[in-house]
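The chain contents come next:
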2 protein chains.
Amino acid sequence: MTLIIFLFAGTLRTTHKNEVSSMNEKRVGKRTIALSHPPSVISYANIGGRQEAEGPLSSYFDELSDDSFFGEKTWEKAESTMQKKVVQRALDQAKLKPDDLDYICAGDLLNQCIGSSFGLRDFGIPFYGLYGACSTMGESLSLAAMLIDGGYASRVAAVTSSHFCTAERQYRMPVPYGNQRPPTAQWTATAAGCTILAEDGPGPYITHVTCGKIVDRGVSDVNNMGAAMAPAAYDTLAAFFRDTETKPQDYDLVVTGDLGELGHAIVRDFFSRDGVDLGENFQDCGLLLYDRQAQDMHAGASGCGCSASVLNGYLLSGMRSGRWKRIVFAPTGALLSPTSSFQGESIPGICHALCISAEK
Amino acid sequence: MTLIIFLFAGTLRTTHKNEVSSMNEKRVGKRTIALSHPPSVISYANIGGRQEAEGPLSSYFDELSDDSFFGEKTWEKAESTMQKKVVQRALDQAKLKPDDLDYICAGDLLNQCIGSSFGLRDFGIPFYGLYGACSTMGESLSLAAMLIDGGYASRVAAVTSSHFCTAERQYRMPVPYGNQRPPTAQWTATAAGCTILAEDGPGPYITHVTCGKIVDRGVSDVNNMGAAMAPAAYDTLAAFFRDTETKPQDYDLVVTGDLGELGHAIVRDFFSRDGVDLGENFQDCGLLLYDRQAQDMHAGASGCGCSASVLNGYLLSGMRSGRWKRIVFAPTGALLSPTSSFQGESIPGICHALCISAEK
């Protein structure tokens with residue numbers, strides 16, 4: 001066996017050099033990539049917990065669990081299990097095996113992203129671990145789309161999760177303490193979402209990708225993440241519209257990740273100052289996931305799993321059914337840690353935007 | 001201004017469709033990418049602390065600080081400052097401004113990767129946050145190389161860091177506690193490294209990239225990371241040699257990240273079982289960075305900053321000077337967290353490998 005492997009020793013196998021593809025050719029404007037071969041969504045799945053089951057989008061979930069432990073002994077193991085289940089479900093729906101995926105791009109909010117590394121370890125899929133906080137669904141989809149479009153992969157999965165109880169005990173207070181929450185606070189979704197992209201398929205397609213910059217305008221209130229992330233959302237969305245020479249009204253939906261009520265209103269205000277009306281199609285996954293009044297969810301939902309589960313259910317189903325033809329999906333992340341806040345730091349934000357379209 | 005921006009409203013700008021580039025064409029074997037246009041290293045820089053200054057590679061550092069706080073009030077802020085300084089230094093050496101970079105790919109060991117998000121927030125460079133533990137220099141370079149080769153960017157920086165004091169208090173014991181360390185324990189480097197890649201330049205070049213899988217063989221001793229990561233290093237290196245149809249002797253160096261004495265020996269054993277002799281050119285950054293006897297470093301160095309600083313000093317300088325023509329750089333990461341260990345989990349590992357060559 002060894003002999004066979006080393007028959008061609010000394011000469012590295014290389015592919016045919018594609019001289020046509022000059023560098024940086026896929027860039028439109030300063031920050032946006034227009035994918036030459038827009039990858040297709042071929043499968044998607046989501047999982048939620050009890051609050052997600054009681055919300056208005058419950059019928060768009062593939063699986064809803066009343067057990068916040070998902071059969072495990074700890075909440076952290078529960079979050080890993082959610083990632084495992086949601087990837088398996090997305091694979092099953094596409095009739096694929098783990099080995100059919102060239103890469104998996106994943107991350108989560110837990111210290112050292114253990115939701116992903118433990119949840120995905122048994123699949124044996126080449127793994128790029130990401131940390132984009134609640135923007136992770138946008139970051140993972142962006143990189144997945146470029147890995148396929150660039151000729152590095154045929155199929156890539158993008159996955160992320162969050163869990164109310166793991167996030168509370170890591171970022172805030174142990175859940176049994178019953179800490180009070182101000183009106184600007186958001187509720188971390190117990191949810192996971194997975195999208196599988198491929199070089200070809202029935203759509204929708206990822207046509208454009210805009211990478212976020214770290215934006216920090218000095219907000220330091222950890223109970224007001226929406227305000228902390230809003231400047232990053234404005235920065236990336238403004239870059240996206242500028243680069244693609246389009247306006248918000250050219251899209252059926254422009255949907256941020258988890259800005260919540262206040263952050264969402266701030267982004268609308270920022271655009272108003274530029275004379276741009278974001279209009280009625282400007283939505284936020286954090287405002288869609290729960291019935292904020294009936295469920296007492298304060299400013300709305302948050303967490304990586306918020307935008308991931310709304311995309312991989314409500315939004316992609318709506319696109320498949322023809323309800324929306326072209327959307328901008330722009331999840332935001334707050335790049336703080338409890339340590340950085342204890343040390344008096346403000347909260348940097350980031351937002352990764354993608355254009356998802358029914359047509360290539 | 002708004003009017004001008006929206007002149008072409010409704011039609012998304014797209015690039016010329018490059019019909020020649022068929023999908024997945026850049027793959028050799030099952031897991032390895034042969035880059036069509038190998039990106040060039042155009043600049044690199046590293047920074048270290050006191051222990052790094054006392055080690056055998058001290059002359060290969062751009063900056064060495066005797067102050068573990070790097071002028072800041074906390075060690076976490078010190079780590080952010082290291083990332084900021086090392087990126088600025090790499091930019092300066094290439095006579096570039098932050099705006100000349102299309103992306104920065106970065107991550108670190110701190111909870112929520114705050115070394116990167118706070119260290120890099122002022123640059124305003126589009127940011128892909130990564131979490132690969134101590135494999136981050138390999139992961140960031142891999143993605144940076146593909147972003148350039150794929151036509152998405154002209155110049156991309158890859159950066160990471162670690163700090164002995166931030167790692168100790170996060171993963172183990174507060175430093176002043178003076179905890180005893182077993183012989184298999186490694187010493188987290190206080191160091192950072194940054195590479196800037198571009199579509200063209202004097203080399204060396206990134207010619208091949210092999211993405212790691214999460215590999216967990218059940219090792220659960222947090223004082224023996226080398227053993228936990230060794231199976232991942234074996235898995236990725238074996239895939240790399242198989243896919244490229246080469247053998248270890250075809251390279252001037254095959255260098256892992258921070259396996260340390262025991263992990264390094266285990267990888268050598270694994271290959272021996274397959275009848276493959278890794279030979280004398282099989283090295284480990286964790287064994288190169290310190291004088292283990294004189295500095296009492298037990299099994300060797302570890303941390304994202306270990307392989308990052310050894311690459312962006314000793315290794316790349318050696319390649320530029322002609323000492324080595326072609327190397328395999330394969331940093332490993334242990335994807336655990338203190339929480340996962342407290343909950344009885346074993347330690348998953350990962351290894352990302354790249355071929356760096358003086359010739360395209």
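Structure's up top.
Residues numbered from 1 in each chain as written. Chains lettered and ligands numbered in written order. Predicted model: local features only at pLDDT ≥ 70, side-chain atom pairs only at ≥ 80, totals over all residues.

1. Overview of helix α8 (residues 260-273) of chain A
Residue and element names in this part refer to chain A.
Then, in step 1: For α8, which comprises 14 residues, the first-to-last C-alpha distance of 20 Å matches the rise-based estimate of 20 Å (1.5 Å per residue) to within 8%.
Then, in step 2: Listing the buried residues of α8 in full gives Gly260, Gly263, His264, Ile266, Val267 and Phe271. For α8, the buried positions fall inside an angular range of 155 degrees around the axis, keeping them on one side. What points out from α8, more than 90 degrees from its buried face, is the exposed set Asp269, Ser272 and Arg273.
Then, in step 3: On its buried face, α8 sits against α7 (225-244), β11 (253-256), β12 (282-284), α9 (285-288) and β13 (301-302).
Then, in step 4: After α8 finishes, the residue Gly275 shows a positive phi value of roughly 80 degrees. (Helix = DSSP H or I, 4+ residues; strand = E, 2+ residues; numbered from the N terminus. Expected span 1.5 Å × (residues − 1). Buried ≥ 20, exposed ≤ 12 C-beta atoms within 10 Å, placed from the backbone. Arc of directions from axis to C-beta. Contact = placed C-beta atoms within 7 Å.)

2. Some thoughts on the relation of the copies chain B and chain A
Two chain copies, one operation linking them: a rotation about an axis together with a shift along it.
Then, in step 1: Overlaying chain B with chain A gives an RMSD of 0.0 Å, the required rotation being 180 degrees about an axis along which the chain moves by 0.0 Å. These values place the two chain copies in the arrangement generated by a two-fold rotation axis.
Then, in step 2: Most of the interface of chain B is mirrored in chain A, where 100% of its interface residues are also at the interface. (Least-squares fit on C-alpha atoms with pLDDT ≥ 70 in both.)

3. Some words on the interface of chain B and chain A
Then, in step 1: Taken together, the contact between chain B and chain A spans 84 residues of the former and 84 residues of the latter.
Then, in step 2: If you tally residues by element for the side of chain B that touches chain A, the top one is helix α5 (residues 136-149) of chain B, at five residues.
Then, in step 3: For the side of chain B that touches chain A, the class distribution of residues is 36 nonpolar, 30 polar and 18 charged. (Nonpolar A, V, L, I, M, F, W, Y, C, P; charged D, E, K, R; others polar.)

4. Quick notes on the environment of Tyr251(B)
All names here are of chain B.
Then, in step 1: Within the secondary structure layout, Tyr251 lies in the loop between α7 (225-244) and β11 (253-256).
Then, in step 2: As a C-alpha pair, Tyr251 and Cys355 span 104 residues in sequence and 9.0 Å in three-dimensional space.
Then, in step 3: Residues contacting Tyr251, with those up to four places away along its chain left out, are Asn281, Arg326, Ile327 and Val328.

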